[in-house]
Structure formats: C-alpha cells, structure tokens
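Structural overview
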Protein chains: 2
Amino acid sequence: MKALVFDGELRLTDIPIPERNGEALIRVTHAGICNTDIELVKGYMGFNGVLGHEFVGRVEAAENAALIGKRVVGEINAGCGKCEKCGAKDPRHCEIRTVLGIAGRQGAFAEYLTLPESNLLIVPDTVSDEAAVLIEPLAAACRITEQLDVNGLATLIIGDGKLAQLIARVLPLSGARCDLLGKHAWKRDRVPLPCKTMALDDYEPSRSYDLAVEASGSPEGFATARRSVRPQGTIVLKSTYASKLHLNAAPIVVDEVTVLGSRCGRFEQALSLVEDRKLDPTDLITHRFALEQGVEAFVASRGSDAMKVILEIA
Amino acid sequence: MKALVFDGELRLTDIPIPERNGEALIRVTHAGICNTDIELVKGYMGFNGVLGHEFVGRVEAAENAALIGKRVVGEINAGCGKCEKCGAKDPRHCEIRTVLGIAGRQGAFAEYLTLPESNLLIVPDTVSDEAAVLIEPLAAACRITEQLDVNGLATLIIGDGKLAQLIARVLPLSGARCDLLGKHAWKRDRVPLPCKTMALDDYEPSRSYDLAVEASGSPEGFATARRSVRPQGTIVLKSTYASKLHLNAAPIVVDEVTVLGSRCGRFEQALSLVEDRKLDPTDLITHRFALEQGVEAFVASRGSDAMKVILEIA
C-alpha cells in the first residue's frame, strides 16, 4: 500500500498492508494534517514511520462482525488494557500506550491502518467525511471543557490556527465568554460569533481574563497568556512546543496562576456536537490533496494561506 | 531608629520612625530572614528600602485602643480596601497592594514598622516570640491546603530548607502522604515523622506522585517535580526564582499536568496550629543575631549550616 513515511525525511513509499493482530483493519478514506505532524517532521517525539492521526475510514476486517463495512473514526491512544487508566476506559494516560502516527504505532497517512476495535466510533450518516476527519482535533478542543468548568469565564484564546479556531467554536457552547487573539486577518474572519477577535499587533494585555488558552504554538503565546490572566487565573496549554519554553516562574507564584496542560478529548462529545449541528468544522479546510501528493500537502500546510489540509486517500 | 536597608547594598542605618498615617505603629521585637529577602538583595522585585516581612512585635500606637500594648503578628499584604479582593477580605491579590518589606512598604528589619490594624493578629500568651516570628512562613506552607485538597495524596516535597520543612510539617496534618527530597543530611534529619526523607543524590524519579511541591528554590527542582508526578498530577510552585526557569512545555501538555503557583497563607490557620500544639516550628531556628549584626545575619542565612535566622530586635 502507499504510505507517507517520515524517517528523517518525509516521503511517499510502498509498504505492506499492516497485520491485524486482533485489531480492526481500516481502509482510510480521508486524513487531516495537524500541527503535531509538522512538529514530528521536525523531530518531536523522535517518531519514525507512517504519520497521521486524524482520519475517517471504513472497516474492512474486525473480530466484531457488526463493525465490518462501517464508516468509523478512531481515538488515537491505544492502551495496554490492564492498568488502572485502561480499566477506567481512559487509555489517554496509559503509561505504555501507543499513539496513532505519534508514538509506537503506524499512522493514518496510508491506505490502511489498524486500531483496537474499542477505539472506534461509527460515524452517523448525517456527518460528512470532511466533518468526520475533524473529529479528532475537535475532541482536543472539547477536552478543555472536560477539565474545567468554563461557564461564565472571560476567556482569551491565543492563536488563530486550526486548533484555536475549534476552541473558539467549542468554548462558547459551554458558556465561556471568548475573545480570540490572532495574527492573520483572514483567519480571524473565519471565527464565528459569539467569539470576538482581536489583532495581535493591537493587543495590550490587561490581566483581565479568568482563562487564557495558549493555542498559537509559539512560546511567545505563553508570555501573552501570563500577561492576560488575572491573579489566580488559569492558563491552558494546548500546544506542544518542539522548542523549550522560557518561563519566568516568579509571576506564576506571586499571582498564584494555574497552568494546565490539555491534550486529547473524547470523540463522543465532539461527534455529538457535529451530529447535533451545534457547529460545523469543515469551513476550516483550505486544501485537499491526494495521498500521492502528500509531501506537497505538508508544504501547503505550512503556508500562510492554509488552515486544515486534507488528504483524500480513497 | 536603626534599620537594615537595601538600596543596591545591604547596610544598617538610622532612619526616622515611620509616620502612622492611621495605621498601627509596632515596636518590632523579633524578625526572621526569608529566602525572599535573599532574592530581594539580588535585585528581585527591584525593591529598595527596609527589608523584612516576618516579625512579631508590640503595638505602641493605634486607632483601636484595644490593640495598644498587645503582642502581634501581621499579614504582609496591605490592600487598597476598595477593590473586589479587598471587599472579600483578601488583600493578597489586590492589584495595588503594598507588601511589607517586599513592594512599596518599609519592612520589619527595623525597630518600628506600621501596618493597617486589620492586618494584625494578637498572639496568645502560650505562643512564644520565636514561634510567632515563624507564623508568616508557616501560613505560606498552609496556603497549599487552602488551594488543594491534599488528603490521601502521595506527595513529594522538593527541598529541605525552611519553607520545605514547614510544608513537611503542615501537609501530613491534612492527610497528605509525604516524602521530602533534600540535599543535606542534617536538614533531612530535622524533618519529623510521618514525613519520610530521601537524599537527592540517590533519587530516581518514577512518575508516581500525585503532587510535587517545588520548594527548593532551584530551577532544577521544577524538572525534578515534572519527572516525579504522574500523568494528570499537580506541581505546586512555592519558590520564586530570580533567574528564569527553562521549561519544556511538551510534557506538561502530553501528561496534562497542573502547575499551580502558591504564595501567602492565612495567619489564623498557622497560629491555630501552633497554639493547639499541632506543630512547633522553632526547631528550624539555627542562628540569632541582634539587629546591629543584620549584615552578618544575612551572610549567615546563606551558610550551609543555616535554616531560619532570627533578628532579636528588642
């Protein structure tokens, strides 16, 4: 099968269809490029192999016959099945988990992938492929509402990229009063009400926000967050940084700020939002490529005119 | 009056007794040197003036006649009295507060100081002067239990200095299961049961703690904390660092760790612990100096044989 592999360089290659080993075999139809993929290509996590963790596809083989032929999305963390976290049906923090296209598990930028059947969710017919491929990053945005009660919080979202955009759509649904701070006018223009937008160049922090969500992917975003939250406020870190963040800890202590890391969310919640038409994430898609154009797709995903770049695989 | 002043260098000098301006005038009898004082002398906060914020003294003049002659300790944050925080009787985060000997207010390393009467607590006769002078740092240790429910948490306290020692005495009283990690054998030997101790040199982090409290004052302490807490664990930062902390944010996000700054506590809680004989902090006092020997006292406080250094002022 064709696959987009990173092994020091990113290239399209032919590799065998993966062995099932008791998992479901899925024919990938669409996959999305995430900033984490771009970081992986810079060496983050030291991952080598097939990239990609945002996908929708059709089950070709599985133990559970009811899954076969179904259109599915899949949670990306595959746990050991035995630890306390896995016992609580939350493999997101299993210490020996593998993560689709990120750690110890071949990813979705290929014609086929495998995942444990318990990771799969069947996609309702009313949800399009292009919406389904965005369920994974949408779940990551929803994760904040699983960690914090955001109702009524004056919230600053830092960044105007894909993840920031999804956060700007999700948090108001839970009652947060959101402003989004972004560099790019055309990206800010995509932010729907009730979230307001502000240009980064004009912004003067005033320690007025209860909550700041750093989703810009730049270390400066954290400094902006720190200068924007009130004493005893909260900063949520959504971005993983390949570079080190230089942090002056004194103001964190003096202002008793809480800094909270936030990663993967639950697919059920994200899928419900789309199914119930609470939001439509597909307007974030700016580019579509065939798998064979995967290297070009990565170049495009770094362009100033890109938000979500989709690979149309089958 | 004599006062220990920092204005680029630390020196003993003569300055006028402070004007009361509606506050209480207090004759300082004992004061304690804190690591924050040592940081201030390195330029932290850009403070110039009389240092010192840990004290016990006797009220010489006040609006409230019932205070006159009483032995008191005093909360160090003096608020504006008008903002939301001050309205909730919590000037610790008033945006225009002054802080005794730290920000905008002359401190306690002098024969006299003034503070708002509402900041003062009368010290019961059963509490010694040497215990009373430790109420301020003890309250800072108690602050953690005001922010978090530590009951049952597997807790690592990083550091074996004054503040770490007080935390090691306070947290077990609220049900935390504590280990303390320290560099110095003689300091570890001062840690009372039920807190266990470990030598820093022998320590291998294993991501097993629910909570790590960074109280070592060194940036490496944060890295140790990060490697010691479990996924979704909590790191409390008690130390302000004059230098910048270099933090790799990726593991904070991936492990969804909470980092929580923690500063000043409530004096009532700390005073009750001492009055009720739940703990006795005075075994942390290693050196005593007269105010006239203040510069020597600072040198001693940085020595490897020092924990709490007390100035006996009157």
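Everything discussed here concerns the structure shown above.
What comes next concerns the included structure. (Residues numbered from 1 in each chain as written. Chains lettered and ligands numbered in written order. Predicted model: local features only at pLDDT ≥ 70, side-chain atom pairs only at ≥ 80, totals over all residues. Heavy atoms only, no water.)

1. Quick notes on the environment of A199(B)
Residue and element names in this part refer to chain B. Mapped onto the elements of the fold, A199 is located in strand β14 (residues 196–199). With 47 residues separating them along the chain, A199 and H246 place their C-alpha atoms 24 Å apart. Not counting chain neighbours up to four residues away, the residues in contact with A199 comprise L181, G182 and R188. (Helix = DSSP H or I, 4+ residues; strand = E, 2+ residues; numbered from the N terminus. Contact = heavy atoms within 4.5 Å.)

2. Some points on the packing of aromatic side chains
Per the stated rule, a full pass over the model turns up two aromatic pairs over all chains. Across the ring face of Y112(A), the terminal group of R27(A) is positioned such that the distance to the ring centre comes to 5.2 Å. (Phe/Tyr/Trp six-rings, centres within 6.5 Å; stacked < 30°, edge-to-face > 60°. Lys NZ or Arg CZ within 6 Å of the ring centre and 35° of its normal.)

3. A word on the interface of chain B and chain A
Contact residues are listed per partner, giving 35 residues for chain B and 35 residues for chain A. Summed over both sides, the interface between chain B and chain A buries roughly 3,100 Å², with carbon and sulfur atoms accounting for 53% of that surface. On inspection of chain B and its partner chain A, the count reaches four salt bridges. The salt bridge involving E95(B) is made with R207(A); its shortest N-O contact spans 3.0 Å. Applying the counting rule to chain B against chain A returns 15 residue pairs in polar contact (both at pLDDT 80 or more). Of all the secondary-structure elements, those providing two or more residues to the side of chain B that touches chain A are α4 (135–147), β16 (229–237), β17 (245–247), α8 (249–254) and β18 (258–261) of chain B. (Buried area = accessible area lost by both parts, 1.4 Å probe. Salt bridge = Lys/Arg side-chain N within 4 Å of Asp/Glu carboxyl O. Polar contact = N/O pair within 3.5 Å; in protein donor to acceptor, adjacent residues only side chain to side chain.)

4. Focus: the environment of V150(A)
All names here are of chain A. Here V150 is to be found in the loop between α4 (135–147) and β12 (154–158). When its relative accessible area of 1% is taken as the criterion, V150 is described as buried. Residues contacting V150, with those up to four places away along its chain left out, are I144, T145, L171, S174, G175, A176 and L211. (Buried < 20%, exposed > 50% of the residue type's maximum accessible area, 1.4 Å probe, protein only.)

5. So, the relation of the copies chain B and chain A
Screw-axis analysis of chain B against chain A gives a translation of 0.0 Å along the axis, an RMSD of 0.0 Å, and a rotation angle of 180 degrees. What the rotation and shift describe, once combined, is the action of a two-fold rotation axis. In this assembly the copies share their binding face: 100% of the residues contributing to the interface of chain B also contribute to that of chain A. (Least-squares fit on C-alpha atoms with pLDDT ≥ 70 in both.)

6. Some remarks on the environment of L291(A)
All names here are of chain A. Turning to its location among the elements, L291 is positioned in the loop between β19 (285–290) and α10 (294–301). Given a relative accessible area of 1%, L291 falls into the buried group. Along the primary structure L291 and E312 are separated by 21 residues, whereas in three dimensions their C-alpha atoms are 6.3 Å apart. Residue contacts for L291: discarding those within four places in its chain leaves K2, L4, L12, F109, A110, E111, L311, E312 and I313.

7. Observations regarding the side chain of R169(A)
All names here are of chain A. Relative to the elements of secondary structure, R169 occurs in helix α5 (residues 162–170). Within polar-contact distance, the side chain of R169 engages the side chain of Q165 at 2.9 Å. The residues touching R169, leaving out its near neighbours within four places in the chain, are R190, V191, P192, L279, D280, D283 and L284.

8. Side note on the sheet that holds strand β2 (residues 10–14) of chain B
Residue and element names in this part refer to chain B. A sheet is described by the order of its strands in space; here three strands give the open sequence β2-β1-β4, paired in antiparallel fashion. The open sheet has two edge strands with one neighbour each: β2 and β4 (49–50). Summarising the sheet, strand β1 (residues 2–6) and β2 pair through five bridges and their orientation is antiparallel. Paired with L4 across the strands is L12, a residue of β2. Contacting β1 and β2, helix α10 (residues 294–301) runs over the sheet at an angle of about 155 degrees to β2. (Pairing = 2+ DSSP bridges. Axes fitted to C-alpha atoms, helices over the stretch in contact; angles between N-to-C directions.)

9. Some words on the pattern of salt bridges
A side chain with one charge can pair with a side chain of the opposite charge if their charged atoms come near. As enumerated under the stated definition, the model contains 36 salt bridges over all chains in all. Each of the salt bridges in this network shares a partner with another, and the network as a whole consists of D90(A), R92(A), R143(A), E146(A), R266(A) and E256(B).

10. A closer look at the packing of α4(B) against helix α9 (residues 267–275) of chain B
Residue and element names in this part refer to chain B. Their axes nearest at 8 Å, the elements α4 and α9 cross at an angle of 105 degrees. Relative to α9, the element α4 is oriented roughly perpendicular. Within the contact between the two elements, α4 uses I135, E136, L138, A139, C142 and T145 and α9 uses F267, Q269, A270, L271, L273 and V274. Considered class by class, the residues forming the contact of α4 with α9 number nine nonpolar, two polar and one charged. (Parallel < 35°, antiparallel > 145°, perpendicular 65-115°, else oblique. Nonpolar A, V, L, I, M, F, W, Y, C, P; charged D, E, K, R; others polar.)

11. Some words on unusual backbone geometry
At the junction of L193(A) and P194(A), the peptide bond is cis and its omega measures out at 5 degrees in the coordinates. One can find P194(A) in the loop between α6 (185–188) and β14 (196–199). Although it is not a glycine, N21(B) adopts a positive phi angle of roughly 45 degrees. As for its position among the elements, N21(B) is in the loop between β2 and β3 (24–33). One non-glycine residue with positive phi stands out, namely R277(B), at about 60 degrees.

12. A short note on the sheet that holds strand β13 (residues 177–182) of chain B
Spatially, the 12 strands line up as an open sheet ordered β14(A)-β13(A)-β12(A)-β15(A)-β16(A)-β18(A)-β18(B)-β16(B)-β15(B)-β12(B)-β13(B)-β14(B), and their pairing is mixed. Of all the strands in the sheet, just β14 of chain A together with β14 of chain B have a single pairing partner and so form its edges. The mean inter-strand angle of the sheet, taken between neighbouring strand axes irrespective of direction, is 20 degrees. Bridging between strand β12 (residues 154–158) of chain B and β13(B) involves five bridges; their strand directions are parallel. Its bridge partner lying in β13(B), I158(B) is registered against L181(B). Strands in contact with helix α7 (residues 219–228) of chain A are β12, β13 (177–182), β15 (209–214), β16 (229–237) and β18 (258–261) of chain A; relative to β16(A), the strand with the most contacts, it is inclined by about 150 degrees.

13. Digging into the packing of α4(A) against α5(A)
All names here are of chain A. Contact pair α4 / α5: the axes reach a minimum separation of 9 Å and the direction vectors enclose 50 degrees. When the axes of α4 and α5 are compared, the pair comes out oblique. In this structure, α4 crosses over α5, and the sense of that crossing is right-handed. For the pair formed by α4 and α5, the contact residues are P137, L138, A140, A141, C142, I144 and T145 on the first element and L163, L166, I167 and V170 on the second. Counted by class, the contact of α4 with α5 contains 10 nonpolar, one polar and no charged residues. (Left-handed = near helix turned anticlockwise from the far one by under 90°.)

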